[in-house]
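An overview of the molecular structure
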Amino acid sequence: MSSGVGWIDDIDINALETDPYPLYMRMRREAPCVFVPALRAYLITTYDEVREFLADSELSHAPNAQPVLERTFGPQNILTSNGDLHRDRRASVDPPLRRGAVSTYVDDLVRPIATQAAGALSAEAPIDIVAEYLEPVSTRALATMLGIGHVPADVLRRWFHTVIGAASNYTFAEDVFEKGDEVIAEIKQVLEPVLTRLETEPDNSGLSHLLHAGMPAGQVRSREDIYSSFLIELAGGMQEPGHVSATTLLGLLEEGTYGEIVADPSLIPVALAEGLRWVAPVGGVFRETTRDVVIRDQMIPQGSLVYSMVASANRDEQKFTNGDRYELHREGPTHMSFGGGRHFCAGNVFGREVARIALEELVKVAPRLRLAEDGWAMRGWLFRSPQELHVIAEGA
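Below is a short write-up of the structure. Treat the numbers as computed from the prediction; the structure is a model and nothing was measured. (Residues numbered from 1 in each chain as written. Predicted model: local features only at pLDDT ≥ 70, side-chain atom pairs only at ≥ 80, totals over all residues. Heavy atoms only, no water.)

1. Considerations on the sheet that holds strand 9 (residues 368–379)
Strand pairing in a sheet relies on backbone hydrogen bonds, with the paired strands running either antiparallel or parallel. Note the threshold: Being paired, for any two strands, means DSSP has found at least two bridges between them. Numbering of helices and strands starts at the N terminus; helices are DSSP runs of H or I of at least 4 residues and strands are runs of E of at least 2. Only the stretch in contact is used when fitting a helix axis, every axis being a line fitted to C-alpha atoms; angles between N-to-C directions are given from 0 to 180 degrees.
Spatially, 4-10-9 is the arrangement adopted by the three strands of the open sheet, whose pairing is antiparallel. Each edge of the sheet is formed by a strand with only one pairing partner; in this case those strands are strand 4 (126–128) and strand 9. Pairwise comparison of adjacent strand axes, ignoring direction, gives a mean angle of 20° for this sheet. Looking at chain direction, strand 4 and strand 10 (residues 385–394) are connected through three bridges and run antiparallel.

Written out as structure tokens, the structure reads:
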């Protein structure tokens, strides 16, 4: 199926992976709602239309078929389920991630991890702050919350990168899926003895909640349901804290305002909110239309796959002046990087708190931080963040 717009028909996955933002900007101007053949889906790219589409629970639901996600996370996973099934999946994930629950444990859990990792950073020598600090803190924090804190950080990072690679494999490269299968088999082998113990000795860990929360007394969820939700928590829970921190840090260093959060760490939540707007860690929310609908003169038939591109909406020129730039003291509407509706990101509170603590500990040991000559590398359209961020931590 063609879009009827030549340059949109020419878009390929590699162009989106390299840098989708110039394409989104042109879509907002010329085709704010359009079918993109490379994705086999309609894209909505403007702020008001994305917000309205996500808010209307009668207009769309999670898609019945999303091959890449089903291939990675299994059928009827939390991302592609609806109704009672989705409520059951969320009931197993939500308890330790609710705001009230997170506030009771997050500092005691994350602060020692971040303090130790920050103290090990090298001074006066270039370091990749993503690999050496931000991702390890994020992965260790999530693993500890879930109840597998004994798994080494390098193993957790390998799991994350392999699973996220499979979940974004829109070219359907079989070798990418096969690598994912190998890692998922390894994950199951590690989780199985933990789950077996938790069946009779439940605790307050995330894995224990996946087993027991919302279940009748004496019953636990099936292993396949648990593995599916765990993989999604692995992908989202490690993506958001570490990578939002990296994006925010890059923005602060490029803008020259890193010193402001050093002088006043209470600005860190504001800095992170702008980082979330500037580069959404998950760029699009997918839905399937429940009826025919017209959006910005584009007819979308019932049963169509639609991506609400929050990454594009967050830079909409009608809402954000110089939206392509990071600005610590930006004024404007709230970003939409956590999605909307029933599928609003379950880990948004935990993720922001982990990112906050990671940056708070970083500024203590590195009050003078600057970009190294090696710079940074960023890639991705659905999942986007700096894969590398080379800095010199003067005074670490």
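Now, onward.
2. Let's talk about the nonpolar core
Under the convention used in this document: The term nonpolar core refers to a set of buried residues drawn from Ala, Val, Leu, Ile, Met, Phe, Trp, Tyr and Cys, joined through side-chain atoms within 4.5 Å. Type-normalised accessible area, obtained with a 1.4 Å probe on protein chains alone, sets the label of each residue: buried when under 20%, exposed when over 50%, and partly exposed for intermediate values. Only heavy atoms matter for contacts: two residues are in contact if any of them lie within 4.5 Å across the pair.
Ile129, Tyr133, Ile148, Trp159, Phe230, Tyr258 and Leu362 are the most contacted members of the largest nonpolar core, which has 131 residues in total. Looking at which element gives the most residues to this core, the answer is helix 12 (residues 223–255), with 13 residues. Residues in contact with leucine 362, not counting those within four places in the same chain, are Leu121, Ile129, Tyr133, Leu249, Tyr258 and Leu369.

3. Quick notes on the pattern of salt bridges
Test applied: One speaks of a salt bridge when a side-chain nitrogen belonging to Lys or Arg is within 4 Å of a carboxyl oxygen belonging to Asp or Glu.
Across all of its chains, the model carries 30 salt bridges by this definition. Its salt-bridge partner being lysine 319, residue aspartate 48 comes within 3.1 Å of it at the nearest N-O pair. With aspartate 48 in helix 4 (residues 47–55) and lysine 319 in the loop between helix 15 (310–313) and helix 16 (348–365), this pair connects stretches of sequence that are 271 residues apart. Salt bridges sharing partners connect three or more residues here, namely Asp107, Arg111, Glu353, Arg356, Glu360, Glu361 and Lys364.

4. As for the environment of valine 391
In this fold, valine 391 is placed in strand 10. We classify valine 391 as buried; its relative accessible area is 0%. The sequence separation of valine 391 and valine 5 amounts to 386 residues, and the corresponding C-alpha distance is 42 Å. With near-sequence residues (within four places) excluded, valine 391 lies in contact with Ala125, Pro126, Ile127, Ile129, Leu253, Leu369, Arg370, Leu371 and Ala372.

5. Remarks on unusual backbone geometry
One non-glycine residue, phenylalanine 172, adopts positive backbone phi at about 55°. For phenylalanine 172, the position within the fold is in the loop between helix 9 (153–167) and helix 10 (174–200). The class for phenylalanine 172 is partly exposed, based on a relative accessible area of 35%. Its identity as a non-glycine residue notwithstanding, arginine 296 has a phi of 50°, on the positive side. One can find arginine 296 in the loop between strand 6 (293–295) and strand 7 (298–300). What makes arginine 296 partly exposed here is its relative accessible area of 42%.

6. Some thoughts on the pairing of strand 2 (residues 41–44)
Neither face of strand 2 is exposed, since Ala41 and Leu43 on one face and Tyr42 and Ile44 on the opposite face are all buried. Strand direction decides the pairing type here: strand 1 (residues 33–36) and strand 2, joined by four bridges, are antiparallel. When the sheet's bridge partners are listed, valine 34 is paired in strand 2 with leucine 43. With antiparallel pairing between neighbouring strands as the criterion, strand 1 and strand 2 make up a hairpin whose turn holds four residues, including arginine 40 at a positive phi of roughly 55°. Here strand 2 runs beside strand 8 (residues 305–308); their pairing, made up of three bridges, is parallel. Each bridged residue has a counterpart across the sheet, and for tyrosine 42 the counterpart in strand 8 is valine 306.

7. What about the pairing of strand 5 (residues 285–289)?
Counted residue by residue, strand 5 has five buried out of five residues, so it is predominantly covered. Of the strand pairs in this sheet, strand 3 (residues 60–61) and strand 5 are connected by two bridges, and their pairing is antiparallel. For histidine 61, the partnering residue across the bridge sits in strand 5 and is glutamate 288. With four bridges connecting them, strand 5 and strand 8 associate as antiparallel partners. Note that in strand 8 the partner of glutamate 288 across the bridge is leucine 305.

8. A closer look at the packing of aromatic side chains
Let me state the cut-off plainly: Classification of ring pairs rests on two measures: the distance between centres of Phe, Tyr or Trp rings, Trp counted by its six-membered ring, which must be within 6.5 Å, and the angle between planes, read as stacked under 30 degrees, edge-to-face over 60 and tilted in between.
All chains considered together, the criterion is met by nine aromatic pairs. For the ring pair tyrosine 105 and phenylalanine 350, a centre distance of 6.4 Å and an interplane angle of 40° mean the geometry is tilted. Here tyrosine 105 is found in helix 7 (residues 99–119), whereas its partner phenylalanine 350 is found in helix 16, with 245 residues between them in sequence. On the accessibility criterion, tyrosine 105 (17% relative accessible area) is buried. Here the aromatic rings of phenylalanine 286 and tyrosine 307 are separated by 6.3 Å at their centres, their planes lie at 75°, and the arrangement is edge-to-face. Taken together, the residues phenylalanine 286 in strand 5 and tyrosine 307 in strand 8 connect sequence positions 21 residues apart.

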